[in-house]
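# Fold and contact review
Here's the letter readout for the chains.
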Amino acid sequence: MSVDFDAVIIGAGFGGMYMLHRLRQKGFTARVIEAGKGVGGTWYWNRYPGARCDVESVQYSYQFSPELEQEWEWSERYATQPEILRYANHVADRFDLRRDMQFETRVTAATFDEAANLWRVETDKNDKIAARFVITAMGCLSSPNTPKISGLEDFEGPTYHTGNWPHEGVDFTGKTVGVIGTGSSAIQSIPIMAEQAKHLTVFQRTANYTVPAHNKPLDPTYVRQIKASYPEMRRRAKTKPAGIDFTINTASAVETPEADRAREFQSRWDYGGLGFMASFGDLLLNDDSNKLAADFVRTKVREVVKDPKTAEALVPKNIIGCKRLCVDTGYWQTFNRPNVTLVDISDAPIERITATGLRAKGQDYRFDALVLATGFDAMTGALLKVDFRGRGGVSLKEKWNEGPKTYLGLTVVGFPNLFMITGPGSPSVLTNMLPSIEQHVDFIADCLEALRAKGKNVIEAEPAAQEAWVGHVGDVSNITLRSTCSSWYVGANIPGKPRVFMPYIGGLPAYIQACETVVRNDYEGFALA
Ligand code: NAP
């Protein structure tokens, strides 16, 4: 039975683009199916004001092409969404990727044909495509979560979700605006929206930890140094758990003398960014150490926010690092503005959305526009929107009824020839996504090449290997404080979602080693046919 393509790749973000490039290089045919009108994935959809990456631009970039590394010029320490989208478009043009991409099309279903050993892929444009392999590159945070607050459809003004922002932008000048949520997207957008809006009311259920970005234009001398030593920096980054080249202090916070500890926290704070969590080695392992870091940040809130009641509401109460640390520019300062009000809804949920605003704690709030900064059905949301059917017609949804189970975060038992880029059970969201994506893509491309060389056309994870990996992912997550609290990492933000720590927290180096061992042992844990 003939195939239309060796592979169908779902998604034209950074994962899908590089996957296509690698498969072409190895002589495979592939078609990328993308819901949006263009490439960029996360950076195509998340166009809310202030959106930028929390990993430094020189590190949040592809490394597969030294020429690309040398020719692209990042302008700021942390790149804005428009700049990252320009980069994605540049990559698509430079490697002539668009001719194998089909835009404005959603994959709706994919069924494994056991007789023919191929996938039958269907789209909302009535395409029916036969492909030997299906590779998902749909992103971990790409299925926006719209909470089921009663009355949402009654609101008469416009409602915007940060994860699906209008492409033409939104002008809030002279408008009153309500924002629900205080996660990373809210923390980036609130300062910008506050500058525009007549009045901004922020509804906060959980106060969040944030560290200043200290964003700035990139110094040309620094860029020259980076460009002269890119391979060394990339190599160093791969030895770090998060795949980011920053200095990790392995000392224990509680065991460090107070003055030294304060100096370390302060210097990380002054430098800015996610490296704050690397101030000490046990912040996510030891309650007391975690509390020391948390208290340091809590003090900063109180120093910045002038109104004591607002400051106390903004002080985060849970452990630091439970949720992903946010990186901001002027977030707490925004609450000193006369046109910004914080409404603490931690003790009572929003009662309902009304025609003119919302009702919370017995009080009516009025606004012209509503912004939902309410996050995503992370890691599994986008995958389960496609009706994947593996052996015996079993659906992925059924298979993952009690939470996602994968081998290496890449494959699932009963779903032969289906690969996931940064799937649940891989380090993905706990790391710099770009090197993690490249590692997955290289693994998959090499695997397809190895199958071709062996004259095989089916690869499937073995149940024992998957069980062992799922067990390992669970075991390492239990060591850290992260698994003890509610976040999207454990699906706690989506009512009814099974509580499972989804990403692999063992770190990028351990993960790379695990994958390399599997390859060295001739694809150990996989059945080839
Ligand atoms: P998020 O972190 O999940 O935050 C969602 C916010 O909405 C939380 O404050 C949540 O409150 C609130 N919320 C949800 N449902 C609610 C309800 N029914 N009533 C009241 N409040 C509700 O989502 P996000 O800010 O979009 O960020 C998601 C992830 O995307 C981040 O963790 C990060 O990994 C990534 N991201 C990265 C960047 C960057 O690179 N700079 C920027 C944006 C996002 P609770 O906390 O109480 O649930």
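Everything below is about the structure shown above.
Here the focus is the nonpolar core. Core analysis: the biggest nonpolar cluster contains 131 residues, and Phe14, Leu23, Phe172, Phe276 and Leu408 have the highest contact counts within it. A per-element tally of this core places helix α14 (residues 433-454) first, with eleven residues. Each of two domains, domain 1 (5-143 + 378-528) and domain 2 (152-372), supplies a minimum of three residues to this core. In this structure, Phe172 is in contact with Tyr160, Trp165, Val177, Met193, Gln196, Ala197, Lys198, Ala369 and Val371, ignoring residues within four places of it in sequence. Val8, Ile10, Ile33 and Leu383 belong to the second-largest nonpolar core, a separate cluster that totals 23 residues.

With that settled, consider the site of the ligand. The environment of the ligand is made up of 24 residues, and the closest members are Thr182, Ser185, Gln188, Thr206 and Lys323. The side chain of Gln188 places a nitrogen or oxygen atom 2.8 Å from a nitrogen atom of the ligand. The protein chains hide 87% of the 910 Å² of surface that the ligand would expose on its own. With three residues, helix α5 (residues 184-196) is the single largest residue contributor to the shell around the ligand.

Opposite charge on two side chains makes pairing possible when the charged atoms of those side chains draw close. Inspection of the entire model under this criterion finds 34 salt bridges. Its salt-bridge partner being Asp295, residue Lys291 comes within 2.8 Å of it at the nearest N-O pair. On the criterion of helical spacing, the pair formed by Lys291 and Asp295 is a turn pair, its members being four residues apart in helix α9 (residues 287-304). Its relative accessible area of 29% is what places Asp295 among the partly exposed residues. Each member of the salt-bridge network shares a partner with another, and the members are Arg22, Lys26, Asp442, Asp446 and Glu449.

Moving on, we get to the environment of Gly273. Mapped onto the fold, Gly273 is located in the loop between α8 (258-271) and α9. Considered as a pair, Gly273 and Asp328 are 55 residues apart in the sequence and their alpha carbons are 8.3 Å apart.

Taking burial as the measure, the six residues of strand β9 (residues 199-204) include five buried ones, the bulk of the element. Note that strand β8 (residues 176-180) and β9 share five bridges and pair parallel. In the strand pairing of β9, Val179 is matched with Val202. In the sheet, β9 pairs with strand β12 (residues 340-344) via five bridges, with the strands oriented parallel. Of the residues in β12, the one forming a bridge with Leu200 is Val340.

Each value, and the rule that gives it
Residues numbered from 1 in each chain as written. Predicted model: local features only at pLDDT ≥ 70, side-chain atom pairs only at ≥ 80, totals over all residues. Heavy atoms only, no water. Core = buried A, V, L, I, M, F, W, Y, C linked by side-chain atoms within 4.5 Å. Buried < 20%, exposed > 50% of the residue type's maximum accessible area, 1.4 Å probe, protein only. Helix = DSSP H or I, 4+ residues; strand = E, 2+ residues; numbered from the N terminus. Domains from an automatic or database assignment. Contact = heavy atoms within 4.5 Å. Near = heavy atom within 4 Å. Polar contact = N/O pair within 3.5 Å; in protein donor to acceptor, adjacent residues only side chain to side chain. Areas by Shrake-Rupley, 256 points an atom, 1.4 Å probe, with all protein chains shown as cover. Salt bridge = Lys/Arg side-chain N within 4 Å of Asp/Glu carboxyl O. Pairing = 2+ DSSP bridges.

By themselves these figures say nothing about function.
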